[in-house]
Amino acid sequence: MRIDIITLFPELLKSPFEASILKRAIQSKKASVYFHNLRDFSNHKQKQVDDYPFGGGAGMVMMIQPIDQCITLLKNERDYDAIIYMTPDGQTLNQKNSNHYSTLENIILLCGHYKGVDQRVRDQFITHEISIGDFVLSGGELAAAVFCDSIIRLIPGVLGDESSALTDSFQDDLLAPPIYTRPSNYKGWEVPEILTSGNTPKVEQWREEKALERTKELRPDLLNES
Ligand code: ADE
């Protein structure tokens, strides 16, 4: 998978890709991520990328010209499966969407700032609009990093243990069951006995029960959706 990220603040975005699972995914060429600084595409002398909104009102609007230039250049080089705008008024991301996006070959992510982008950018170039939740960030960069993490880890071979993405919370509309590791007794706080019994079918059954119990208690809305 190739991800091109268009941003005003590439430095905000770099570190998530320089450690742990995302770093490994990039090193093993399962994913490649490129940053494009929008200012480099401005045809203004002062590298201006925003301007006042027509009709007045608070805040600045990201101009169409540098965004058009950047997206057009990328599209001339390859076909894109999705051109995504990160925005609080987009479709809220969930695991089902992440599964889908993780199967795509080439995507562009556009990070918004200020009041957002000129509507004509959304009308002419954007194929999907994604929000990571009902709250407003200072810009789309952190949202883009969250989105990239959620999809890259799902690319086959990226996670060491092939089955571990399948047992994540939300993969089957359930929260994950509780997990424990050694020691089995810490300060008298014991691990549930079943987990150290070696009885795999019983352990599986216990995990399913606990997953359902946890979901009923913490996220009953997930059960009502399906
Ligand atoms: N940009 C600002 N807030 C955002 C959010 N919640 N999701 C995606 N992009 C954003």
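Keep in mind the model is a prediction, meaning the values are calculated, not measured. (Residues numbered from 1 in each chain as written. Predicted model: local features only at pLDDT ≥ 70, side-chain atom pairs only at ≥ 80, totals over all residues. Heavy atoms only, no water.)

1. Some words on the domain arrangement of the chain
Interfaces are often sized by the accessible area lost when the parts come together. Basically, it comes down to this: Note that the domain bounds reflect an automated or database-derived domain assignment.
Taken domain by domain, the chain holds domain 1 (2-152) and domain 2 (169-225). If you average the C-alpha positions of domain 1 and of domain 2, the two centres end up 37 Å apart.

2. Description of the site of the ligand
What counts here: In these notes, residues near a molecule or strand are those with any non-hydrogen atom within 4 Å of it. The secondary structure listing takes helices from DSSP runs of H or I that are at least 4 residues long and strands from runs of E that are at least 2 residues long, numbered from the N terminus. All residues other than Ala, Val, Leu, Ile, Met, Phe, Trp, Tyr, Cys, Pro, Asp, Glu, Lys and Arg, Gly among them, are scored as polar; the first ten of these are nonpolar and the last four charged.
Close contacts around the ligand come from 13 residues, with Thr87, Ile132, Gly133, Phe135 and Leu137 the closest. If you list the elements that add at least two residues to the shell around the ligand, you get strand E5 (82-92) and strand E7 (128-131). A total of three residues in the shell around the ligand trace back to one element, the largest contributor, which is E5. Of the residues contributing to the shell around the ligand, the split by class is eight nonpolar, five polar and no charged.

3. Re the environment of arginine 207
Selection rule: Three exposure classes are used, based on accessible area relative to the maximum for each residue type with a 1.4 Å probe and protein chains only: buried under 20%, partly exposed in between, and exposed over 50%. Throughout, a contact is declared for two residues whenever any of their heavy atoms are within 4.5 Å.
With respect to the secondary-structure elements, arginine 207 resides in helix H6 (residues 200-218). Look at arginine 207 and you get partly exposed, because its relative accessible area is 33%. Taking the C-alpha atoms as reference points, arginine 207 and glutamate 225, 18 residues apart in sequence, are found 21 Å from one another. Not counting residues within four places of it along the chain, the set of residues in contact with arginine 207 comprises Pro177 and Leu195.

4. Describing the sheet that holds strand E2 (residues 32-37)
Basically, it comes down to this: By definition, two strands form a pair when at least two bridges between them are found by DSSP. Only the stretch in contact is used when fitting a helix axis, every axis being a line fitted to C-alpha atoms; angles between N-to-C directions are given from 0 to 180 degrees.
Taking strand neighbours across the sheet as the criterion, the five strands line up as E2-E1-E6-E5-E7 in an open arrangement whose pairing is parallel. On the outer flanks of this sheet lie E2 and E7, each paired with one strand and no other. Neighbour to neighbour, the strand axes of the sheet diverge by 30° on average, direction disregarded. In this structure, E5 lies alongside strand E6 (residues 106-111), joined through five bridges in parallel fashion. From the neighbouring strand, isoleucine 83 faces E6, where its bridge partner is isoleucine 108. Sitting on the sheet, helix H5 (residues 141-152) touches strand E1 (2-7), E2, E5, E6 and E7, and the angle it makes with E6 is about 155°.

5. Concerning the pairing of E5
The criterion, for reference: By definition, the crossover connecting two strands over a helix is right-handed if that path, from the first strand to the second, turns clockwise as seen with the strands pointing away from the viewer.
In terms of handedness, the path from E5 via helix H3 (residues 95-101) over to E6 forms a crossover that is right-handed. Note: E5 against E7, five bridges, orientation parallel. Across the sheet, residue tyrosine 85 finds its bridge partner in E7, namely glutamate 129.

6. A closer look at the nonpolar core
Rules: Among buried residues, those of type Ala, Val, Leu, Ile, Met, Phe, Trp, Tyr and Cys that are joined through side-chain atoms within 4.5 Å constitute a nonpolar core.
In terms of nonpolar packing, the biggest core is built from 28 residues, with Ile3, Ile5, Ile84, Ile107, Leu109, Phe147 and Ile152 touching the most fellow members. Elements represented by at least two residues in this core include exactly E1, helix H1 (20-27), E5, E6 and H5. Sequence-distant contacts of leucine 109, that is, excluding residues within four places in its chain, are made with Ile3, Asp4, Ile5, Ile6, Ile84, Met86, Ala144, Phe147 and Cys148. Within the second largest apolar cluster, 19 residues are counted, among which are Leu38, Phe41, Cys70 and Leu110.

7. Structural notes on a nonpolar patch on the surface
Threshold: For patch detection, residues must exceed 30% relative accessible area and be free of salt bridges, and they are connected within 9 Å for like charges or within 5 Å for nonpolar side chains (Val, Leu, Ile, Met, Phe, Trp, Tyr). Computed by Shrake-Rupley with a 1.4 Å probe, the accessible areas treat only the displayed protein chains as cover when residues are assessed. Within this document, salt bridges are pairs made up of a side-chain nitrogen of Lys or Arg and a carboxyl oxygen of Asp or Glu, the two lying within 4 Å of each other.
A grouping of Leu12, Phe135, Leu137 and Leu142 is seen on the molecular surface, where their side chains present a nonpolar patch of about 350 Å² in accessible area. Summarising the element assignment, leucine 12 is placed in the loop between E1 and H1. For leucine 12, a relative accessible area of 40% gives the class partly exposed.

8. Some details on the side chain of aspartate 50
Worth spelling out the cut-off: Counted charges follow a simple rule, with Lys and Arg positive, Asp and Glu negative, and His plus the chain ends left uncounted.
Relative to the helices and strands, aspartate 50 is located in strand E3 (residues 50-51). The charged side chain of aspartate 50 is buried without a salt bridge, its nearest counter-charge being arginine 39 at 5.8 Å. Ignoring sequence-local partners within four residues, the contact set of aspartate 50 consists of Met60, Val61, Met62, Met63 and Tyr114.

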